[in-house]
Protein chains: 2
Amino acid sequence: MRILVTGAAGMIGRKLVQRLLEDEALGGRALEALVLHDVVRPEADSPMVTALEGDLSAPGAAEALVAHRPDVIVHLAGVVSGEAEADFDKGYRVNLDGTRALLDAVRQAGLHPRVVFASSEAVFGGPFPDVIPDDFAPVPLTSYGGQKLMGEILVNDLSRRGMIDGVSIRFPTICVRPGKPNRAASGFFSGIIREPLVGLPAVLPVPRGVVHTMASPRAAVGFVLHAATMDTGPLGGRRAVIPPGVAVSVGEEIEALRRVGGERAVALIEERPDPAVWAIVQTWAKAFEARRGRELGFVAEDSFDEILRVHIEDELGGRVPVAEG
Amino acid sequence: MRILVTGAAGMIGRKLVQRLLEDEALGGRALEALVLHDVVRPEADSPMVTALEGDLSAPGAAEALVAHRPDVIVHLAGVVSGEAEADFDKGYRVNLDGTRALLDAVRQAGLHPRVVFASSEAVFGGPFPDVIPDDFAPVPLTSYGGQKLMGEILVNDLSRRGMIDGVSIRFPTICVRPGKPNRAASGFFSGIIREPLVGLPAVLPVPRGVVHTMASPRAAVGFVLHAATMDTGPLGGRRAVIPPGVAVSVGEEIEALRRVGGERAVALIEERPDPAVWAIVQTWAKAFEARRGRELGFVAEDSFDEILRVHIEDELGGRVPVAEG
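Because the structure is a prediction, the values reported are computed rather than measured. (Residues numbered from 1 in each chain as written. Chains lettered and ligands numbered in written order. Predicted model: local features only at pLDDT ≥ 70, side-chain atom pairs only at ≥ 80, totals over all residues. Heavy atoms only, no water.)

### Concerning the relation of the copies chain B and chain A
Piece 1. With an RMSD of 0.0 Å, the fit of chain B onto chain A corresponds to turning through 180 degrees and sliding 0.0 Å along the axis. The superposition of one copy onto the other is thereby described by a two-fold rotation axis. Among all residues of chain B, the one whose C-alpha sits closest to the rotation axis is Ala137(B), at a distance of 1.9 Å.
Piece 2. When the interface residues of chain B are mapped onto chain A, 97% of them are again interface residues, pointing to one common binding face. (Least-squares fit on C-alpha atoms with pLDDT ≥ 70 in both. Contact = heavy atoms within 4.5 Å.)

Set out below in structure tokens:
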């Protein structure tokens, strides 16, 4: 089994690679080669890994990756929502042209690989019902969402034509996101958990009643592994899937934090309303039906307590520093 | 008022240009310049017209058109469904890259024009309800439909960002299409009317019970003129509109033909079932709610009799040759 991962230096990419190297297999087939690509060279200490860096949309870049003849391609590469909104050209170049370059190279090489495309719930734009049904019409309200939807259309079309065997995952917000706070408007969903757990302050810029759908990084890796190995027959011409997630309010997040980190953790959250962030968050979907995703075998956490437990296990070695101090 | 029309040598393009030159105005503003573009040089005998030919996706082509500083751009250019399916590269180059090149040139010139984009009901893929609601999720099942949906996403995104003021029209099948039979699988909807009216034989490859939605070429031009002049405020972020049309069965078409052309006309239709055409036609939508399109002021015929009358007026000088002979 030969696997290519783009965006391999990103958060999900690194966790996916770690998991693949631990498993040494995918879908019951032994791992033979792992080709990693990102704008910065991905790190991975294994003789099976070929690590490459560069711009996927640059001439010849995608062809060079595809020359490794992957059986499975996990296409995670992309610029995030805020950057695609701030830099129109870069967003289209990376998120649309990069995806197209990769798929074109695959087509011209005649490979027919499984392609797992990282799409996003940002393909949807409001007004929303409280729970978004699986057949809700996507009307993106950001450039990022539009670029992801265009990627889905390409994946559908090339799959229909038998050029690839694609699955697009409409990722929910990933929480608890490890590492440092980033510039994403959704960052606080993770920040108000991650920072207090280790005794650091965090800012909550929106009201506690805000409801949002989340899945853990571990669940996100699980989505990718499932999409890479599932029977795609039941997808028909509709290759984009909404995976399950946990729809939870910020208040419920905080109560879950209190259960493991106590008052001391909760006291580290400063409520500092930010009208700009609040305006963005109000345009986001709250909850998804995701029945089709569940029926197709995608699995996520059932509660925010479980998301929190996964974070403590995977990122904190099972410890809760704020409760120990 | 300066107007650019791409695909100006096509059927709708020619009728639109004729209408604009007759009106000498658009939306109450006098016509100053009409820039026409197509892969073959559009013909128009007027000092106001600049006619250009070429490939819109070729380097510099779109910039050369936009250099005429149009206030309104009507982007009709594209390869049709059958060709986009047969030639993967050409379909994406013309229908996606051409559209993107045009919009990029507009953006870089800082023009902010009204852009009317010819999309298609092919953005929808089945399974369909009998009447498709306005918020039905588009899942294209052809490359053409996917390319048109990607164009819509671009029009939405650039409109949201204030770079253009766009409207995408999801055209229904145009009937009665004048001229010679073409290779479109939908050609028989027009052929079984157009040919018998002038005493020529026509083939019907599908059962009479097939229902399909149609509008006349005159209505299609009306859609474009309305989209070019309407208040786009009520569109919000959803710039794609399903215009109204007439949902009619092939049998009803034939009865309308009988009313104006008699048995003699109907006898010229040979029913010769074609499983290949029938297979394609069965994947098409039957009828559309189109409530939003009506509320936004788009107008089409109310019956197939009216579509037929429009054809006789516009293409046959008010005469019905088969009934005269």
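### As for the packing of aromatic side chains
Piece 1. What the rule picks out here adds up to 16 aromatic pairs over all chains.
Piece 2. Note on Phe128(A) and Phe136(A): the rings are 6.0 Å apart at their centroids and 45 degrees apart in plane angle, and the pair reads as tilted.
Piece 3. Judged by relative accessible area, Phe136(A) falls into the buried class, the value being 17%.
Piece 4. Taken together, a centroid distance of 5.9 Å and an interplanar angle of 45 degrees make the contact between Phe124(B) and Phe288(B) tilted. In this pair, Phe124(B) sits in the loop between β7 (114-120) and β8 (131-132) while Phe288(B) sits in strand β16 (residues 287-288), placing the two residues 164 residues apart along the sequence. As far as burial versus exposure is concerned, Phe124(B) and Phe288(B) are alike and both buried. (Phe/Tyr/Trp six-rings, centres within 6.5 Å; stacked < 30°, edge-to-face > 60°. Buried < 20%, exposed > 50% of the residue type's maximum accessible area, 1.4 Å probe, protein only. Helix = DSSP H or I, 4+ residues; strand = E, 2+ residues; numbered from the N terminus.)

### Some thoughts on unusual backbone geometry
Piece 1. Residues Cys175(A) and Val176(A) are joined by a peptide bond in cis, for which omega reads 5 degrees.
Piece 2. Looking at the secondary structure, you find Val176(A) in the loop between β10 (173-174) and α6 (187-197).
Piece 3. With a phi close to 55 degrees, Ala290(A) is a non-glycine residue in the positive phi region.
Piece 4. With respect to the helices and strands, the residue Ala290(A) is situated in the loop between β16 (287-288) and α10 (291-295).
Piece 5. Of note in this structure, Glu24(B) is not a glycine but carries a positive phi near 55 degrees.
Piece 6. Mapped onto the fold, Glu24(B) is located in the loop between α1 (11-23) and β2 (25-26).

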